[in-house]
Amino acid sequence: MILKDCDFGDLILNFSYQESMYRMFATTFSTPPTEEFVKKVASISLKYDKIDLLGYSSQYNKNWGKFLYFSSKLDAITSSGIAEIVDSVSAVHKEYIENLKIPLNEYEYQLRTHIDRKQILEKLSASYDGISLNYNRSLPEDHISSEMIFMAHLRGITRYHLENDDIEGFFEAIVQQQLFYKEHIATWAHFFTYLISNIEEKISFYKQIGEIMGLFLKEDTLFLQRLMMNNGGFK
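These figures come from a predicted structure and were not determined experimentally.

Here is what the cut-offs are and how they apply
- Residues numbered from 1 in each chain as written.
- Predicted model: local features only at pLDDT ≥ 70, side-chain atom pairs only at ≥ 80, totals over all residues.
- Heavy atoms only, no water.
- Helix = DSSP H or I, 4+ residues; strand = E, 2+ residues; numbered from the N terminus.
- Rg over C-alpha atoms; globule rule 2.2 N^0.38 Å.
- Contact = heavy atoms within 4.5 Å.
- Areas by Shrake-Rupley, 256 points an atom, 1.4 Å probe, with all protein chains shown as cover.
- Lys, Arg positive; Asp, Glu negative; His and termini not counted.
- Charge placed at Lys NZ, Arg CZ, Asp CG, Glu CD.
- 1 Å grid on protein atoms, 1.4 Å probe; cavity = no way out; pocket = protein on both sides within 12 Å on 5 of 7 lines; lining within 4 Å.
- Points joined across faces, edges and corners; volume = space filled by probe spheres on them.
- Nonpolar A, V, L, I, M, F, W, Y, C, P; charged D, E, K, R; others polar.
- Axes fitted to C-alpha atoms, helices over the stretch in contact; angles between N-to-C directions.
- Parallel < 35°, antiparallel > 145°, perpendicular 65-115°, else oblique.
- Left-handed = near helix turned anticlockwise from the far one by under 90°.
- Expected span 1.5 Å × (residues − 1).
- Buried < 20%, exposed > 50% of the residue type's maximum accessible area, 1.4 Å probe, protein only.

Draft legend 1. Fine view of the overall build of the protein. Per the secondary structure count, the protein includes nine helices and zero strands. A compact globule built from 235 residues would reach a C-alpha radius of gyration of about 18 Å, and the protein, at 18 Å, matches this within 12%. For the protein, the spread of C-alpha atoms along the three principal axes comes to 50 × 45 × 30 Å. For the protein, long-range pairs separated by at least 24 residues make up 74% of all intrachain contacts whose partners lie at least 6 apart in sequence. By element, 51% of the accessible surface of the protein is carried by carbon and sulfur atoms, the whole surface being about 11,600 Å². Put simply, the protein has 24 plus and 32 minus side-chain charges, and the middle of one group is 5 Å from the middle of the other.

Draft legend 2. Structural detail: the side chain of Asn14. Within the secondary structure, Asn14 is located in helix H1 (residues 8–30). When neighbours within four sequence positions are excluded, Asn14 is seen to be in contact with Ile51, Asp52, Leu53, Leu54, Tyr56 and Phe223.

Draft legend 3. View of the layout of surface pockets. Roughly 280 Å³ of volume is contained in the largest pocket. Lining the largest pocket are Ser20, Arg23, Met24, Thr27, Thr34, Glu36, Phe37, Lys40, Ser43, Ile44, Lys47 and Tyr48. Among the elements that make up the lining of the largest pocket, the one with the highest residue count is helix H2 (residues 35–47) (six residues). The residue makeup of the lining of the largest pocket, split by class, is four nonpolar, four polar and four charged. What the second largest pocket holds in volume is close to 200 Å³. With six residues, the single largest contributor to the lining of the second largest pocket is helix H9 (residues 205–229). Of the residues in the lining of the second largest pocket, the class split is six nonpolar, five polar and two charged.

Draft legend 4. How the structure looks around the packing of H1 against H2. Two elements in contact, H1 and H2, have axes separated by 11 Å at closest approach and are oriented at 160°. Judged on the interaxial angle alone, H2 and H1 are roughly antiparallel. Seen along the crossing, H1 lies across H2 with a hand that is left-handed. Where H1 abuts H2, its residues Ser20, Met24, Thr27 and Thr28 lie against Phe37, Val41, Ile44 and Lys47. Of the residues assigned to the contact of H1 with H2, the class counts are four nonpolar, three polar and one charged.

Draft legend 5. Spatial organisation of empty space enclosed by the protein. Within this structure, the stated rule accounts for one cavity of 30 Å³ or more. Taken as a whole, the largest cavity holds about 30 Å³ of empty space. Asn63, Lys66, Phe67, Gln208, Glu211 and Ile212 are the residues that line the largest cavity. Taken together, the residues of the lining of the largest cavity break down into two nonpolar, two polar and two charged.

Draft legend 6. Examining the packing of helix H5 (residues 117–130) against helix H6 (residues 144–163) more closely. Where H5 contacts H6, the axes come no closer than 11 Å and their chain directions differ by 35°. Of the two elements, H5 crosses H6, and the hand of that crossing is left-handed. Between H5, through Leu124, Ser127 and Tyr128, and H6, the contact on the second element is made entirely by Ser146, Glu147 and Phe150.

Draft legend 7. Spotlight on H2. For H2, spanning 13 residues, the distance from its first C-alpha to its last is 18 Å, which sits close to the expected 18 Å at 1.5 Å a residue. Those residues of H2 not exposed but buried are Phe37, Val38, Val41, Ala42, Ile44 and Ser45. Residues of H2 that are buried sit in contact with H1, helix H3 (58–75), helix H4 (79–98) and H9.

Put into structure tokens, the structure is as follows:
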């Protein structure tokens, strides 16, 4: 057994939660909103409202509660109401995302460091091909959604190794995620999520996701650090 001081079932649920969050972030910024996606955001309050977030800060838990409330309000809306929300959110998506008022690629946040974008794309492509990642090929490798899908996939791999008590594979997957976060996500996450959380809109759909995304990405890498420090469990 890999674990020491935390419950196996709780840790598995945490991994499932984290993978779902990464997938939600990926979908949010990869395509215009659909009724199906808005319903998935709404269903989060039903799926994870009772989750025990292991090692997460009080600040995150406070904001998570706020996001759960937002999700539950969406869940209470009728189908016709959801369609109206999609229309409203689609207009915001077009203005800010499609028209690139907010940069969506890692390279855009590294312009001042004079890093060659070709090298970034080649490095990311090698990482994705290394695990046969299924992602939206119409988007560049350094698109924020592509990087979120990669993290979601790795989190699923981590959970698989945990469920099968594969210690070596478990820690290898964690190290891979930590390196990816440091080399790629950390370069844009703070700036991007700040811009997203300040979008002007009627129902604050992107604001809610942007706020929880900014905190989640920081908390998630700390979560993995604690797992490494405690050999797979929390003290």
